[in-house]
Amino acid sequence: MNVLFISLGCDKNLVDSEKMLGMLQEKGYTFTDDEAEADVVVVNTCCFIGDAKEESINTLLQMGELKDSGQVKALIAAGCLAQRYREEIQKEIPQVDAIIGTTAIDEIVAALEEILAGQKQNHYEDINAAPVTETNRVVTTGGHFAYLKIAEGCDKHCTYCIIPKVRGNYRSVPKSLLKEATELADKGVRELILVAQETTLYGMDLYGKKELPRLLHELAQIPGIYWIRILYCYPEEITDELIDAIAAEPKVCNYLDIPIQHASDNVLKRMGRRTDQAELRAIIGKLREKIPDICLRTTLISGFPGETQEDFEELYRFVNEMEFDRLGVFPYSQEEDTPAATMEDQVPQEVKEFRRDELMELQQAIAFDKAEDMVGRILTVMIEGKVADEETYVARTYRDAPNVDGYLFVNTSANLMTGDFVKVLVTDSNEYDLIGEIYHE
């Protein structure tokens, strides 16, 4: 029986999807990307911001049409939207046969078999239940890199964020992480990308202290793993021990994703963030001092409730001075059931988007300059694939996380494979991307 699996939202959701695929595969189900061949559809939904919520709802409606046509025998909704709006989905999209909560992904096989037997039943557990540690994943990222989710949930309760209400409190994944990482390496994965709502707090709930540095050292011992990349590091939780671990471990990329969201103390306070601008400057300075070639990525929110023109100008100056290597900006999304949604002084949509565009235009100039500065450098890159009908390969450097950062294009007649690591001399830059050739020592 063919299952069409649609995974929406973030890379953390993708890990859940891959685990559900693994469970279905073990029971003999096959998979298809073609709607016309699907007997069953599973949609792993997202509801983090308005656009993601809309995409999830539209996808469920479209798949519901396949159910109405009689082609699809079962339609299952999983993930954050399904967790948060289960009653609304049951009422408004009756074609959905079963809803699986965020902590019940290990019920996917049972849910599907119940539907096929004529019994419709939703599957939920407490949102603070222990993380599902199923490790037999179907890797959907091409096989050469994979995301390793090291924790579930979040305790920060930023005023704009719904995640604690749909994903629960912070729960670190226990020792099974090393088994999962080893199995991924055995399948050919060469880059592990550590993800969580917040990676920096890993271990606090299990061991009473931050154990991300120890985890990095242990993962670095796994044969076959060449790169380890860390995403979603809250700045206030970055310790000297973590910085030292990144600097000391050759396999750990000198790359850190630090979502700061803003730089105005007024806005940071309204957001419920735990840092102020002085602390942000201090941690960024320390990272660059101890790891001179570190690549720093961040994300910002434009137009948060109460953000004045002065607040925005302060953020703009901060971005100009800090010169982040990578930066994304999202207009504030007013999410129901969050404190920020009912705050006074909501910013008009056109102002949010204008401020977003101003920041991105500034960042574009910074990023282009930084790309030019890489010309002449010798970098080890991971091959991602080949450009059709050209003697050119697409690659990523340690400075590039998949799907969010740039690429390096390698001009060579050599026969390379996806997942290969080669040394490249950077010869030119093209906006965000780099161009290079194989370096022969």
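Look a little higher up for the structure.
Once a new chain begins, its residue numbering starts again from 1 and follows that chain's sequence as written. Predicted model: local features are reported for residues with pLDDT of at least 70 only, side-chain atom pairs are reported and counted for 80 or more only, and whole-chain, interface and lining totals are derived from all residues. Working from all heavy atoms in the structure, the side-chain values ignore hydrogens and water.

**A word on the overall build of the chain**
Thought 1: The way it works is that DSSP assigns letters per residue, a run of H or I at least four long becomes a helix, a run of E at least two long becomes a strand, and they are numbered from the N terminus. Looking only at helices and strands, one finds 14 helices and 18 strands in the chain.
Thought 2: Radius of gyration: C-alpha atoms only; globule rule: 2.2 Å multiplied by the number of residues to the exponent 0.38. Over its C-alpha atoms the chain spans a radius of gyration of 22 Å, differing by no more than 12% from the 22 Å that the globule rule assigns to 441 residues.
Thought 3: Its C-alpha atoms give the chain principal-axis dimensions of roughly 65 × 60 × 45 Å.
Thought 4: Exposed residues in this analysis have more than 50% of their type's maximum accessible area, buried residues have under 20%, and partly exposed residues fall in between, with area computed by a 1.4 Å probe over protein chains only. Residue burial in the chain is summarised as follows: out of 441 residues, 57% are buried.
Thought 5: We call two residues in contact whenever any of their non-hydrogen atoms come within 4.5 Å of each other. A sequence separation of at least 24 residues applies to 73% of the contacts in the chain between residues at least 6 apart.
Thought 6: Method for areas: the Shrake-Rupley scheme with a 1.4 Å probe, in which residue coverage is limited to the protein chains shown. Per element, the accessible surface of the chain, about 18500 Å² overall, is 47% carbon and sulfur.
Thought 7: As used throughout, the charge tally considers Lys and Arg to be positive and Asp and Glu to be negative, leaving His and the chain termini uncounted. The atom standing in for a charge is NZ when the residue is Lys, CZ when it is Arg, CG when it is Asp and CD when it is Glu. A gap of 5 Å separates the mean positions of the 45 positive and 80 negative side-chain charges of the chain.

**Structural notes on the side chain of Gln 261**
Thought 1: Along the polypeptide, Gln 261 turns up in the loop between strand E11 (252-257) and helix H11 (265-271).
Thought 2: We classify Gln 261 as buried; its relative accessible area is 11%.
Thought 3: Dropping the residues within four chain positions of it, Gln 261 is found in contact with Tyr 160, Met 271, Arg 273, Thr 299, Leu 300 and Ile 301.

**With respect to the pairing of strand E16 (residues 408-411)**
Thought 1: Here E16 shows one buried face, formed by Leu 408 and Val 410, and one open face, formed by Phe 409 and Asn 411.
Thought 2: Strands are labelled as partners when DSSP assigns at least two bridges between them. With 4 bridges joining them, strand E15 (residues 392-396) and E16 adopt antiparallel strand pairing. Considered in E16, the bridge of Thr 392 is made with Asn 411.
Thought 3: Relative to strand E18 (residues 433-438), E16 runs parallel, the two being bridged by 4 bridges. In the sheet register, Val 410 faces E18, and the bridge partner there is Gly 436.

**Things to note about the packing of aromatic side chains**
Thought 1: When two rings of Phe, Tyr or Trp (its six-membered ring) have centres within 6.5 Å they constitute a pair, described as stacked for plane angles under 30 degrees, edge-to-face for angles over 60, and tilted for the intermediate range. All chains considered together, the criterion is met by 8 aromatic pairs.
Thought 2: Grouping aromatic residues by their ring pairs yields a cluster made of Tyr 160, Phe 304 and Tyr 332.

**Considerations on the nonpolar core**
Thought 1: The criterion is simple. A nonpolar core is a set of buried Ala, Val, Leu, Ile, Met, Phe, Trp, Tyr and Cys residues joined through side-chain atoms within 4.5 Å. Among the nonpolar cores identified, the biggest contains 56 residues, and Leu 216 and Leu 256 are the most heavily contacted of them.
Thought 2: When residues of this core are assigned to their parent elements, the largest contribution, 5 residues, is made by helix H13 (residues 309-322).
Thought 3: Not counting chain neighbours up to four residues away, the residues in contact with Leu 216 comprise Leu 194, Ile 228, Ile 230, Leu 242, Ala 245, Ile 246 and Val 252.
Thought 4: Ranked by size, the runner-up nonpolar core spans 37 residues in total, among them Leu 4, Val 72, Tyr 85 and Ile 163.

**With respect to the sheet that holds strand E12 (residues 295-302)**
Thought 1: Pairing is parallel in the open sheet, where 6 strands are placed in the order E6-E9-E10-E11-E12-E13. Of all the strands in the sheet, just strand E6 (145-149) and strand E13 (326-331) have a single pairing partner and so form its edges. Averaged over neighbouring strand pairs, the angle between their axes works out to 20 degrees when direction is ignored.
Thought 2: Across the sheet, helix H7 (residues 176-186) is in contact with E6 and strand E9 (191-195); its angle to E6 comes to roughly 170 degrees. Lines fitted to the C-alpha atoms define the axes, with helices restricted to the stretch that makes contact. Angles between their N-to-C directions range from 0 to 180 degrees.

**Some remarks on helix H10 (residues 240-248)**
Thought 1: What H10 keeps buried is the set Leu 242, Ile 243, Ala 245 and Ile 246. An end-on view of H10 places all buried positions within 160 degrees of arc, on one side of the element. Facing away from the buried surface of H10 by more than 90 degrees, the exposed residues are Glu 241 and Ala 248.
Thought 2: Tucked inside the fold, the buried residues of H10 contact helix H9 (212-219), strand E10 (227-230), E11 and helix H12 (277-290). Directions pointing from the helix axis toward each C-beta atom define the arc.

**Structural notes on the sheet that holds strand E4 (residues 74-78)**
Thought 1: Strand order in this open sheet of 5 strands is E2-E1-E3-E4-E5, and the pairing throughout is parallel. Of all the strands in the sheet, just strand E2 (30-31) and strand E5 (98-100) have a single pairing partner and so form its edges.
Thought 2: Sheet topology note: the E4/E5 ladder contains 3 bridges and is parallel. Bridged to Ala 77 within E5 is Ile 99.
Thought 3: Sitting on the sheet, helix H1 (residues 11-26) is in contact with strand E1 (2-7), E2, strand E3 (40-45) and E4, with an inclination near 170 degrees to E1.
Thought 4: Against the sheet, helix H5 (residues 108-116) contacts E3, E4 and E5, and its axis sits at roughly 150 degrees relative to E4.

**Topic: the packing of H7 against H9**
Thought 1: At a minimum axis distance of 11 Å, the contact between H7 and H9 shows a crossing angle of 35 degrees. Crossing of H7 against H9: the hand is right-handed. Seen from H7, the contacting residues are Leu 177, Leu 178 and Ala 181; seen from H9, they are Leu 215, Glu 218 and Leu 219.
Thought 2: Here the term charged refers only to Asp, Glu, Lys and Arg, the term nonpolar to Ala, Val, Leu, Ile, Met, Phe, Trp, Tyr, Cys and Pro, and the term polar to all other amino acids, Gly among them. Per-class residue counts for the contact of H7 with H9 are 5 nonpolar, no polar and 1 charged. Should the near helix be turned anticlockwise from the far one by less than a right angle, the crossing is left-handed, and should it be turned clockwise, the crossing is right-handed.

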